[in-house]
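# Architecture at a glance
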Amino acid sequence: VARRNHCTFFLQLAEEADRKLIGPDRGEWLDRLEAEYDNLREAIRLAEETTEFEVGARLACALVDFWGSRGYWDEGRQLLERPRPHIIALGLPVLSARLAAGAGWLAHWQGDRSAARERMEDSVAIYRLIEDKAGFAITLARLGFVTYLIGDLSRSHVVLEESISVGRARGEKWPTAMALRFLGNLAVQEGDYTGADAMYQESLALFRETGDELGPAFPLLGLGEVAMCRSDYGAAGRYWQESLDIRRKVGDRSGMAKLLALLGVVALAQGDYARAGALGEEGL
């Protein structure tokens, strides 16, 4: 009974946090999950030990964004992969799609793009077969980003446009904002800086409408990249500093490291070598 109660309590906590991470209190909820992480690990272990695979899988799915933000990529990926065969055997397609999407996203963070694409394609294939489409738009958006990073730009375009279409049809602003941000990356790659700027600005506005504390940091990163492509170092620095400030507030360590490095590049371009060095050291 004690074990079951432990799992139930921390499953409820993780799923509540997962809902609240897209909102104004992201940093607070990330810190709460960090403080309870040993208990969350134990809850997943107990669920596996007692063959409560659905509980363990739901816990793992609820922690994907926490793992991604706080850098627990390898551990998170393993905990998402382990229950998949059991969930498939139990005939739980929605949960199977979420596990595959989560494992794919963490594989992306590790730079394992081939595995990331494979898992996300698995997830998308499942979503196409089931009625429950919650999570479909964001999975499409992330698949579009991974295919862009791999260099399959035509596939990326198709997937991102579908994500935006699905997101708008379902009234889901957050996945639409993310897909627009990724589509902006494609436009930059193709040299369409005006188009990229427009996509990033729309993404930024949508993220702000959702109230997501972290979301605006992503299009701000893109706007800084457009400014750098135009050799507007002042604007790039301003956009990237705002993005860094957001990431500091929510404790997004991987994002902080990236933005510090980029601000170092701006300082280098402006001839401020001391600042460039200091930013690089902090990023490391």
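Residues numbered from 1 in each chain as written. Predicted model: local features only at pLDDT ≥ 70, side-chain atom pairs only at ≥ 80, totals over all residues. Heavy atoms only, no water.

### Some details on the overall build of the protein
Put simply, the test is: A helix here means a DSSP run of H or I that spans at least four residues, while a strand means a run of E at least two residues long, and both kinds are numbered starting from the N terminus. When we talk radius of gyration, it's over C-alpha atoms, and the globule rule is simply 2.2 Å times the number of residues to the 0.38. Throughout, a contact is declared for two residues whenever any of their heavy atoms are within 4.5 Å. Positive charge is attributed to Lys and Arg, negative charge to Asp and Glu, and no charge count is given to His or to the chain ends. Charge positions are represented by NZ for Lys, CZ for Arg, CG for Asp and CD for Glu.
Regarding its fold elements, the protein presents 17 helices and 0 strands. Relative to the globule expectation of 19 Å for 284 residues, the C-alpha radius of gyration of the protein, 19 Å, shows essentially globular dimensions. Considering only C-alpha atoms, the protein reaches an extent of 65 × 40 × 35 Å along its principal axes. Long-range pairs, those at least 24 residues apart, make up 59% of the contacts in the protein between residues at least 6 apart in sequence. Charged side chains of the protein number 34 positive and 43 negative; the gap between the two group centres comes to 1 Å.

### Notes on empty space enclosed by the protein
We apply this condition: Using only the protein atoms, space was sampled on a 1 Å grid; points where a 1.4 Å probe fits but cannot get out form cavities, open sets with protein on both sides within 12 Å along at least five of seven lines form pockets, and lining residues are those with an atom within 4 Å of a point. Grid points are joined across faces, edges and corners, and a volume is the space filled by probe spheres set on the points. As a working rule, the residues Ala, Val, Leu, Ile, Met, Phe, Trp, Tyr, Cys and Pro are called nonpolar, Asp, Glu, Lys and Arg charged, and the rest polar, with Gly in that last group.
The final tally for this structure, using the stated rule, is 1 cavity of 30 Å³ or more. Approximately 40 Å³ is the volume found for the largest cavity. Lining the largest cavity are Ile 44, Ala 47, Glu 48, Glu 52, Phe 53, Gly 56, Ala 57, Leu 79 and Pro 83. Of all the elements in the fold, those that place two or more residues in the lining of the largest cavity are α3 (37-49) and α4 (53-62). Broken down by class, the residue content of the lining of the largest cavity amounts to 6 nonpolar, 1 polar and 2 charged.

### A few points about the pattern of salt bridges
Side-chain pairing between opposite charges can occur once the charged atoms of the two side chains come close. Our working definition: What makes a salt bridge here is a side-chain nitrogen of Lys or Arg within 4 Å of a carboxyl oxygen of Asp or Glu, nothing more. With a 1.4 Å probe rolled over the protein chains alone, any residue whose accessible area is under 20% of its type maximum counts as buried; one over 50% counts as exposed, and the rest are partly exposed.
Summed over all chains, the structure comprises 25 salt bridges. In this structure, Lys 20 and Glu 16 form a salt bridge, with 3.3 Å as the shortest nitrogen-oxygen distance. You can see Lys 20 and its partner Glu 16 sitting in helix α1 (residues 2-20), 4 residues apart, about one turn around the helix. Its relative accessible area of 29% is what places Glu 16 among the partly exposed residues. Note that Asp 152 is salt-bridged to Arg 117, the shortest N-O span being 2.9 Å. Of this pair, Asp 152 sits in the loop between α10 (136-150) and α11 (153-170) while Arg 117 sits in helix α9 (residues 113-129), and the two are 35 residues apart along the sequence. On the accessibility criterion, Arg 117 (22% relative accessible area) is partly exposed. One network of salt bridges, in which partners are shared, links Arg 3, Glu 42, Arg 45 and Glu 49.

### Focus: the packing of helix α6 (residues 73-81) against helix α8 (residues 93-109)
The following threshold applies: Axis definition: a line fitted to C-alpha atoms, over the contacting stretch in the case of helices. Angles run 0 to 180 degrees between N-to-C directions. Reported orientations rely on four angle classes, namely roughly parallel under 35 degrees, roughly antiparallel over 145, roughly perpendicular from 65 to 115, and oblique for the rest. With the far helix as reference, a near helix turned anticlockwise by less than a right angle produces a left-handed crossing, and one turned clockwise produces a right-handed crossing.
Running from N to C, α6 and α8 cross one another at 155°; their axes reach a closest spacing of 9 Å. Classed by the angle they form, the pair α6 and α8 counts as roughly antiparallel. Two packed elements cross with a definite hand, and for α6 against α8 that hand is left-handed. Of α8, the residues touching α6 (which contributes Trp 73, Gly 76, Arg 77, Leu 80 and Glu 81) are Leu 99, Gly 102, Ala 103, Leu 106, Ala 107 and Trp 109. Residues that form the contact of α6 with α8 fall into these classes: 7 nonpolar, 2 polar and 2 charged.

### Let's talk about α4
Across the 10 residues of α4, 7 count as buried, placing the element largely inside the fold. Among the residues making up α4, those that are buried are Val 55, Gly 56, Ala 57, Leu 59, Ala 60, Cys 61 and Ala 62. Buried residues along α4 sit against α1, α3, α5 (64-70), α6, α7 (84-89) and α8.

### Observations regarding the packing of aromatic side chains
The line we're drawing: Pairing of aromatic side chains requires ring centres within 6.5 Å, counting the rings of Phe and Tyr and the six-membered ring of Trp. Pairs whose planes differ by under 30 degrees are stacked, by over 60 edge-to-face, and all others tilted.
Applying the stated criterion across every chain yields a total of 12 aromatic pairs. When the ring of Trp 105 is compared with that of Phe 145, the centres are 6.4 Å apart and the planes differ by 55°; the resulting orientation is tilted. In this pair, Trp 105 sits in helix α8 while Phe 145 sits in helix α10, placing the two residues 40 residues apart along the sequence. The same class applies to Trp 105 as to Phe 145, namely buried. Put simply, the rings of Trp 73, Trp 105, Trp 109, Phe 145, Tyr 148 and Phe 182 touch in pairs and so form one group of aromatic residues.

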